[in-house]
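# Observations on chain architecture
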Amino acid sequence: MRNLGRDRLILLGVVFLPMLLWWVVLYPGTGTNDSLSVIEQIRSGSWTNAHTNAYVAFVWFTSAGGSQWGLVTLAQVILLSLGITSLGAVIIKSGVPRHIVMVACGVFSLLPQVGAFAITMWKDVPSTAGVLMLAAALLERRVASSPGASTLWLAGTGALLLGAFRWNGPIALVVLCALLSAFYRRQTAHIVGVIAAIAVVSAGTLLVPQRLGLAASIPWQAVDNRDMHDIAYVYHERPSSFRDADTRLMAEVMPLERWAVGGSTCEITDVLYFQPILQLAPDVLQKKERQEDIGRFSGRP
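Quick summary incoming for the structure in this document. (Residues numbered from 1 in each chain as written. Predicted model: local features only at pLDDT ≥ 70, side-chain atom pairs only at ≥ 80, totals over all residues. Heavy atoms only, no water.)

### Considering the overall build of the chain
Helix and strand counts for the chain stand at 15 helices and two strands. Looking at the 301 residues of the chain, the share that counts as buried comes to 45%. Contacts in the chain between residues far apart in sequence, at least 24 positions, make up 77% of those at least 6 positions apart. Accessible surface for the chain amounts to roughly 14800 Å². Of this, 64% is attributable to carbon and sulfur atoms. (Helix = DSSP H or I, 4+ residues; strand = E, 2+ residues; numbered from the N terminus. Buried < 20%, exposed > 50% of the residue type's maximum accessible area, 1.4 Å probe, protein only. Contact = heavy atoms within 4.5 Å. Areas by Shrake-Rupley, 256 points an atom, 1.4 Å probe, with all protein chains shown as cover.)

This is the structure:
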């Protein structure tokens, strides 16, 4: 047991340090249009249903009221490190050689798919940590003869991160409970009870604010994913069809050379979002307003 505790601490360091390196290099982190939506809500004080209130509260708390965005991404790095470590520790406990697990987890955390993901301010990061914790709890149940308190705490924490931070989180938990009850009822009865309880609590955190009249979100993100793609495609094919006023408006969002790439949504969103967005948030939020103008200029609702 002592060796397992030591292995868990070493594994946590092996996982955490590579992701911390990503955080230091790209401080305060990167973001997506989801990030902009949360930043705007916190700065304006007007919360909408674009995200769950639990997630917005998490960002508000970890950012010290919206003043330190780097603390949000650091909290995400910690949560994801704990998720990976939890699963890795159970894999070691199941009999896989510890050095193989540690090397694999260290390399895994260093990859952009994990390290860069961890420092992107996004609800999917803590939700992914929750999924990993749930997987660790279920595997722990298979390895151990009976679930201990630590296993139940792990399952509860994972279920909370998944259930409260995504609108479809409680549904995913209910489906998980149904599958476990159908195929592993005896082995997972205690864990299913914990997950089901968290699913009810999570659903409450989602539904209660709606009953209190939470404002509906403005679907401006669709402008990025649909209108800007179409405009870029037409600009690439027939630039002469655009008026001077049109190109001036487009240039306020990004250089015209990037519009001429050919209409790749990925190319466009990379310029706007996948950069140290949390330092440039005021400027990018202004660009978001220009995107709304572009949505009107494109003739779409």
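Having seen the structure, we can now continue with the description.
### Details of the pattern of salt bridges
Taken as a whole, this structure holds four salt bridges when the rule is applied. In this structure, K93 engages E140 in a salt bridge whose closest nitrogen and oxygen atoms are separated by 2.7 Å. With K93 in helix α4 (residues 69-93) and E140 in helix α7 (residues 124-143), this pair connects stretches of sequence that are 47 residues apart. Across the pair R166 and D124 runs a salt bridge whose closest N-O atoms are separated by 2.3 Å. With R166 in the loop between α8 (149-165) and α9 (169-183) and D124 in helix α7, this pair connects stretches of sequence that are 42 residues apart. Its relative accessible area of 19% is what places D124 among the buried residues. (Salt bridge = Lys/Arg side-chain N within 4 Å of Asp/Glu carboxyl O.)

### Some thoughts on the nonpolar core
In summary, soluble globular proteins display a tendency toward joint burial of nonpolar side chains. Counting residues in hydrophobic clusters, the biggest one holds 52 residues, and the most contacted among them are V59 and L80. It is α4 that provides the largest number of residues to this core, a total of 10 residues. Setting aside its immediate chain neighbours within four residues, L80 contacts M19, V114, F117, A118, V125, T128, A129 and L132. Counting eight residues, the second-largest nonpolar core is a separate cluster that includes A232, F242, M254 and W259. (Core = buried A, V, L, I, M, F, W, Y, C linked by side-chain atoms within 4.5 Å.)

### Re the packing of helix α3 (residues 53-62) against α4
Direction vectors running N to C along α3 and α4 enclose 115°, while the axes themselves pass 7 Å from each other. With respect to α4, the element α3 is oriented roughly perpendicular. Packed against α3, whose contacting residues are Y55, F58, V59 and T62, the element α4 presents W69, L71, V72, A75, Q76 and L79 at the interface. Per-class residue counts for the contact of α3 with α4 are eight nonpolar, two polar and no charged. (Axes fitted to C-alpha atoms, helices over the stretch in contact; angles between N-to-C directions. Parallel < 35°, antiparallel > 145°, perpendicular 65-115°, else oblique. Nonpolar A, V, L, I, M, F, W, Y, C, P; charged D, E, K, R; others polar.)

### A look at a nonpolar patch on the surface
On the surface, V103, V107, F108 and L111 cluster together into a nonpolar patch covering about 350 Å² of accessible area. Mapped onto the elements of the fold, V103 is located in helix α5 (residues 98-110). (Patch = residues over 30% accessible without salt bridge, like charges linked within 9 Å, V, L, I, M, F, W, Y side chains within 5 Å.)

### Some points on the environment of G31
Residue placement: G31 occurs in strand β1 (residues 30-31). In this structure the C-alpha to C-alpha distance between G31 and F117, which are 86 residues apart in sequence, comes to 9.5 Å.

### Looking at the packing of α4 against α5
Relative to each other, α4 and α5 sit at 160°, their axes nearing to 9 Å. It follows from the interaxial angle that α4 and α5 lie roughly antiparallel. Between α4 and α5 lies a crossing of right-handed hand. Contacts between α4 and α5 involve I84, G88, I91 and I92 on the former and, on the latter, R98, V101, C105, F108 and S109. Here the residues of the contact of α4 with α5 sort into six nonpolar, two polar and one charged. (Left-handed = near helix turned anticlockwise from the far one by under 90°.)

### Some thoughts on α5
The terminal C-alpha atoms of α5, which comprises 13 residues, lie 18 Å apart, in line with the 18 Å expected from a rise of 1.5 Å per residue. Listed as buried for α5 are V101, M102, C105, G106 and S109. Burial along α5 is one-sided: seen end-on, the buried residues are contained in an arc of 125°. Exposed and oriented more than 90 degrees from the buried face of α5 are H99 and V103. (Expected span 1.5 Å × (residues − 1). Arc of directions from axis to C-beta.)

### What about the packing of aromatic side chains?
Each aromatic ring pair is summarised here by two numbers: the centre-to-centre distance and the angle between the ring planes. Considering all chains together, one arrives at five aromatic pairs under this definition. With a centroid separation of 5.2 Å and an interplanar angle of 90°, the aromatic rings of W23 and Y27 are classed as edge-to-face. For W23, a relative accessible area of 14% corresponds to the buried category. On the basis of relative accessible area, Y27 is assigned to the partly exposed category, the value being 38%. Between the aromatic rings of Y55 and F165, the centroid separation amounts to 5.8 Å while the plane-to-plane angle is 70°, which identifies the pairing as edge-to-face. Remark: F165 occurs in helix α8 and Y55 occurs in helix α3; sequence separation between them is 110 residues. Judged by relative accessible area, F165 falls into the buried class, the value being 8%. A connected cluster of aromatic rings, assembled from ring pairs, spans Y55, F58 and F165. (Phe/Tyr/Trp six-rings, centres within 6.5 Å; stacked < 30°, edge-to-face > 60°.)

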